[in-house]
Amino acid sequence: MQIRRKHPSLSILFLLLLCSACTPAPPALHHEQLLVFGTLVDISIYGAQPSAAHAVISQIRRDMERQHRDWHAWQPGALSTLNAALARGEVATVPTDLRPMLVQAIELSQRSGGLFNPALGHLIALWGFSQDEPAHGPPPKAQAIAALLKQYPTMADLAWEGNDSIRTHNLAVRLDLGAIAKGYAVDLAIARLRAAGIHHAIVNAGGNLRVIGRPGERPWRIGIRHPRQPGMIASITAGHDEAILTSGDYERYYEYQGRRYHHLIDPRTGQPAQGLIAVTVIHREAAVADAASTALFVAGPAWRQTARQLGITQVMVMDPAGRVTMTAPMARRVHFEVQPPPPLEIVAP
Ligand code: AMP
Ligand code: MG
């Protein structure tokens with residue numbers, strides 16, 4: 001799990017837009033903010049008793065605090081214990097709450113052609129993004145990157161031993177679930193809300209969000225942060241049950257000698273991925289959208305192929321020149337919030 005240190009309160013900045021034309025603040029809207037996963041988690045619930053809403057949010061807080069500990073990419077916890085065992089070539093028991101996410105991560109990694117590759121934890125650490133202090137540079141030496149690329153750790157290197165244990169012969173595998181864990185946690189939080197009889201809500205973990213239902217007559221509207229300016233670039237009208245996630249080069253990065261080095265690493269080159277600066281994906285499940293937004297970012301200009309492989313049809317990307325490309329189903333739902341709007345191309349999914 002990653003700590004996002006830059007602008008924690010803005011992290012991707014999905015603003016919840018309860019549009020101004022709506023009736024005066026609906027009394028039935030209950031909102032709480034948690035500080036978990038090193039970021040702000042916003043939960044809004046519509047149409048429930050405040051006491052019931054508060055009780056289920058407290059439960060979600062406990063879940064997320066445990067997940068933050070257990071799934072952390074570098075602090076001592078269940079995942080680092082697992083990584084240590086894998087690094088020694090041992091058969092390692094996968095803790096129960098980690099298993100389904102790991103299964104899903106293996107499958108999504110394979111479908112992304114390895115561009116979503118949570119086995120590359122050593123590479124993330126080499127770039128300075130697996131530490132509590134903000135990364136600064138200088139960037140790693142080419143030899144160190146080449147040495148890790150030679151070992152090329154992937155999720156396909158993991159072999160199950162029975163249902164509950166894994167091992168690998170590639171000792172360079174180090175799991176970093178930062179590209180999927182928040183999405184996965186959001187899906188679990190939505191399941192908790194549903195189990196508590198809540199039908200209208202948003203869970204937003206630092207910009208990784210999923211909505212269910214709607215706050216009254218109008219749908220939820222979600223603001224998408226501009227990758228290069230304060231504020232929003234666009235807003236999206238949310239459906240009844242879907243996740244909207246963004247990966248961007250502005251979330252965690254440093255500048256060194258005039259160049260930006262960010263946290264989304266292309267496993268093929270060992271370098272921060274080039275060609276896009278932000279990718280927004282809509283999909284029913286937040287875990288899938290999370291892995292997909294990272295994979296498409298890494299794919300760069302060839303993102304459409306990766307989207308097809310992952311079954312993702314709603315995508316918006318921005319390139320370094322500020323040009324936006326959207327798939328047609330995404331374009332139907334997006335309103336730009338900047339004037340003039342950026343150059344736009346609409347493509348088939
Ligand atoms: P996200 O914000 O969901 O795109 O996730 C970013 C985090 O995923 C990074 O901070 C890394 O911990 C991790 N990561 C970076 N590159 C990759 C990659 N190619 N595959 C999987 N995880 C990655
Ligand atoms: Mg992701």
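Residues numbered from 1 in each chain as written. Chains lettered and ligands numbered in written order. Predicted model: local features only at pLDDT ≥ 70, side-chain atom pairs only at ≥ 80, totals over all residues. Heavy atoms only, no water.

### Some words on the confidence of the model for the chain
The predicted coordinates of low-pLDDT regions are not to be read in fine detail. Note the cut-off: Values of pLDDT, the confidence the predictor places in each residue, fall between 0 and 100. Residue contacts follow a heavy-atom distance rule, with two residues in contact if any of their heavy atoms lie within 4.5 Å.
The share of residues in the chain with pLDDT of 70 or more is 92%, and the mean pLDDT across the chain is 92. Overall, residues 1-26 carries pLDDT values under 50, and its contacts beyond four positions in sequence, including any with other chains, amount to 83 contacts.

### Re the sheet that holds strand β5 (residues 158-161)
Under the convention used in this document: When DSSP finds two or more bridges between two strands, those strands count as paired. A run of DSSP states H or I qualifies as a helix once it reaches four residues; a run of E qualifies as a strand once it reaches two. Both are numbered from the N-terminal end. Angles run from 0 to 180 degrees between N-to-C directions of axes, and those axes are lines fitted to C-alpha atoms, restricted for helices to the stretch in contact.
Taken in spatial order, the three strands line up as β4-β6-β5 in an open sheet, and their pairing is antiparallel. The open sheet has two edge strands, β4 (92-93) and β5, and neither has a second partner. Where β4 lies against strand β6 (residues 165-168), two bridges are found, and the strand directions are antiparallel. Residue Ala92 lies in a different strand from β6, and its bridge partner there is Ile166. Its contacts with the sheet place helix α2 (residues 78-87) against β4, β5 and β6, and it is angled at close to 45° to β6. Set on the sheet, helix α3 (residues 99-111) makes contact with β5 and β6; between it and β5 the angle comes to about 140°.

### A look at the coordination of the magnesium ion (ligand 2)
Test applied: Metal sites are built from N, O and S donor atoms within 2.8 Å, or 3.2 Å for Na, K and Ca, and they leave out water, so they may look incomplete. Using a 1.4 Å probe on the protein chains alone, a residue whose accessible area is under 20% of its type maximum counts as buried, one over 50% counts as exposed, and one in between counts as partly exposed.
Distances from the magnesium ion (ligand 2) to its protein donors, namely Ala179 (O), Asp290 (O), Asp290 (OD) and Thr294 (OG1), fall within the range 2.0 to 2.5 Å. Between consecutive donor residues of the magnesium ion (ligand 2), the sequence gaps follow A-x110-D-x3-T. Remark: Thr294 and Asp290 occur in helix α7 (residues 286-299); sequence separation between them is four residues, near one turn of the helix. What makes Thr294 buried here is its relative accessible area of 10%.

### What about the environment of Ser247?
Stated formally: Whenever two N or O atoms come within 3.5 Å, that pair is a polar contact, provided that in protein one can donate a hydrogen and the other can accept it, and provided that, for residues adjacent in sequence, both atoms are side-chain atoms.
Tracing the sequence through the fold places Ser247 in strand β11 (residues 241-248). The class for Ser247 is buried, based on a relative accessible area of 4%. Separated by 146 residues in the primary sequence, Ser247 and Met101 have C-alpha atoms spaced 19 Å apart. The residues contacting Ser247, other than those within four sequence positions of it, are Leu264, Ile277, Ala278, Val279, Ser293, Thr294 and Phe297. Here the side chain of Ser247 touches Thr294 through a polar contact of 3.4 Å, landing on its backbone nitrogen.

### Topic: the packing of aromatic side chains
This is how the line gets drawn: A pair of aromatic rings is counted whenever rings of Phe, Tyr or Trp (Trp by its six-membered ring) have centres within 6.5 Å, and the orientation is called stacked for planes under 30 degrees apart, edge-to-face for over 60 and tilted otherwise. Geometrically, a charge over a ring is one whose NZ (Lys) or CZ (Arg) sits within 6 Å of the ring centre while staying within 35 degrees of the ring normal.
Applying the stated criterion to the full structure yields four aromatic pairs. Taken together, the ring pairs in this structure connect Trp127, Phe129, Tyr254 and Tyr261 into an aromatic cluster. Above the ring of Tyr253, the side-chain terminus of Arg260 is found at 4.0 Å from the ring centroid.

### Looking at the nonpolar core
Generally speaking, soluble globular proteins have nonpolar side chains that are buried together. Our working rule: In plain words, nonpolar cores are sets of buried Ala, Val, Leu, Ile, Met, Phe, Trp, Tyr and Cys residues tied together by side-chain atoms within 4.5 Å.
Formed by 71 residues in total, the largest nonpolar core has its most connected members in Ile45, Met64, Leu82, Leu175, Ile180, Leu193 and Val203. When residues in this core are grouped by element, the largest group, eleven residues, is from α7. Setting aside residues up to four positions removed in sequence, Met64 forms contacts with Val36, Phe37, Val41, Ala185, Ala189 and Val203. One finds Ile244, Ile282, Val324 and Val334 within the second-largest nonpolar core, a separate group that totals 21 residues.

### Quick word on the pattern of salt bridges
Let me state the cut-off plainly: Each salt bridge in this description consists of a side-chain nitrogen of Lys or Arg and a carboxyl oxygen of Asp or Glu lying within 4 Å of one another.
Within this structure, the stated rule accounts for 14 salt bridges. Residues Arg194 and Asp241 are paired through a salt bridge, measuring 2.9 Å at the closest nitrogen-oxygen approach. Of this pair, Arg194 sits in helix α6 (residues 181-195) while Asp241 is found in strand β11, placing the two residues 47 residues apart along the sequence. Looking at Arg194, the relative accessible area reads 38%, which means it is partly exposed. For Asp241, a relative accessible area of 16% puts it in the buried group. By sharing partners, the salt bridges in this structure join Asp187, Arg194, Arg210, Asp241 and Arg284 into a single network.

### Description of the sheet that holds β11
The strand order across the open sheet built from nine strands is β2-β3-β7-β8-β11-β16-β17-β18-β20, with neighbouring strands paired in mixed fashion. Each edge of the sheet is formed by a strand with only one pairing partner; in this case those strands are β2 (29-36) and β20 (344-347). For this sheet, the mean angle separating the axes of adjacent strands, direction not counted, is 10°. Examined bridge by bridge, strand β18 (residues 324-327) and β20 share four bridges and lie parallel to one another. For Thr327, the partnering residue across the bridge sits in β20 and is Val347.

### Digging into α6
Cut-off, in case you're wondering: One fewer than the residue count of a helix, multiplied by 1.5 Å, yields its expected span.
Along its 15 residues, α6 runs 21 Å from first to last C-alpha, staying within 8% of the 21 Å computed at 1.5 Å per residue. Buried within α6 we find Ala181, Lys182, Gly183, Tyr184, Ala185, Val186, Asp187, Ala189, Ile190 and Leu193. Where α6 terminates, the next one or two residues include Gly197, which has phi positive at roughly 85°.

### Some thoughts on unusual backbone geometry
The omega torsion across Gly137 and Pro138 is 10°, close enough to zero to call that bond cis. Considering the arrangement of structural elements, one finds Pro138 in the loop between α4 (121-126) and α5 (142-151). Gln339 connects to Pro340 through a cis peptide bond whose omega is -10°. For Tyr152, which is not glycine, the phi torsion reads 35° and is therefore positive. Its place among the elements puts Tyr152 in the loop between α5 and β5. Overall, the relative accessible area of 33% leaves Tyr152 in the partly exposed class.

### A short note on the side chain of Gln104
As for its placement among the helices and strands, Gln104 is situated in helix α3. Only 3.0 Å separates the side chain of Gln104 from the side chain of Glu285, close enough to count as a polar contact. Excluding anything up to four places from it in sequence, Gln104 contacts Tyr184, Glu285, Ala287 and Val288.

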